[in-house]
Amino acid sequence: PTSPFGVCGLKPRYAQDMPKLWDVVDELGNYMLDAGLTSDRAEIMFGDVATPDGGWDWTFADKAVDVYKKRPISAFCLLLGNAPGRKGPPRTDEERRLYADYVFRIVTRYKDTIKAWEIWNEPNIGNFWDNPSPAEYAALLKTAYAAAKKADPTCTVIACSTSGADTSFIRETMAQGGWDACDAVSIHPYSMAGSP
């Protein structure tokens, strides 16, 4: 509410082995505020919190969320990954159930700090969803939405997060019931090496 601008500024999960990581992240948080940036895209992957034995380890995620608790920066959190030992996106009913459990647990744990949750990342490209399928993504979205709203009825669930403005993928997802399983839709309009 204090600024229309946000960044992917802190990103601690990509530097977990960096010496003095949390000092660096704290400094980056202060730089964001100095620049008037009060919104950050966070990422807490399934593998960041789930252990191979079926348990949960919140050590890293708790430290990451503490950065937001200490300052007026709101986090928009990406939820991505399959259960430990499983590859690819959650395609089966069992994998979607496991993903929904992850969503429920993470939203429950951090609902007082994080209010917006993006379900998956760029499911329209093979980098994040091999053989992209709007129907499969819509099935995951529905399961995740129900889990997130059970944990925090006031949270915002964001769908699609497509690579580029892939209106075809978004329309097909919504035709599969996606409109009833999200509060917002996002796109990632990166130009990479190409023109905008």
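Residues numbered from 1 in each chain as written. Predicted model: local features only at pLDDT ≥ 70, side-chain atom pairs only at ≥ 80, totals over all residues. Heavy atoms only, no water.

This next bit is on the sheet that holds strand β3 (residues 116-119). Sheet architecture is open: five strands sit in the order β1-β2-β3-β4-β5, paired in parallel fashion. A single partner strand is all that each edge strand has here, and the edge strands are β1 (39-43) and β5 (184-188). Each strand axis lies, on average, 30 degrees off the axis of its neighbour in the sheet, ignoring direction. Here five bridges tie strand β4 (residues 156-163) to β5, and the two strands are oriented parallel to one another. Looking at β5, one finds that S163 is bridged to H188. (Pairing = 2+ DSSP bridges. Helix = DSSP H or I, 4+ residues; strand = E, 2+ residues; numbered from the N terminus. Axes fitted to C-alpha atoms, helices over the stretch in contact; angles between N-to-C directions.)

This brings us to the packing of aromatic side chains. The final tally for this structure, using the stated rule, is 10 aromatic pairs. When the ring of F46 is compared with that of W56, the centres are 6.1 Å apart and the planes differ by 5 degrees; the resulting orientation is stacked. Residue F46 is located in helix α2 (residues 46-49), and its partner W56 is located in the loop between α2 and α3 (59-69); the two are separated by 10 residues in the primary sequence. Accessibility expressed as a relative area gives 3% for F46, which makes it buried. With a relative accessible area of 23%, W56 lands in the partly exposed category. Aromatic ring contacts, followed pair by pair, group F46, W56, W58, Y99, Y102, Y110, W120, W129, Y137 and F169 into a single cluster. Over the face of the ring belonging to F104 we find K150, whose NZ or CZ atom lies 5.4 Å from the ring centre. (Phe/Tyr/Trp six-rings, centres within 6.5 Å; stacked < 30°, edge-to-face > 60°. Buried < 20%, exposed > 50% of the residue type's maximum accessible area, 1.4 Å probe, protein only. Lys NZ or Arg CZ within 6 Å of the ring centre and 35° of its normal.)

Okay, the pairing of β3 next. Both faces of β3 are covered, namely the face carrying A116 and E118 and the face carrying W117 and I119. A crossover connection joins strand β2 (residues 74-79) to the parallel β3 through helix α4 (residues 93-110); in handedness this β-α-β unit is right-handed. Judged from the three bridges that link them, β3 and β4 form a sheet pairing that is parallel. Its bridge partner lying in β4, E118 is registered against I158. (Right-handed = clockwise from strand over helix to strand, strands pointing away.)

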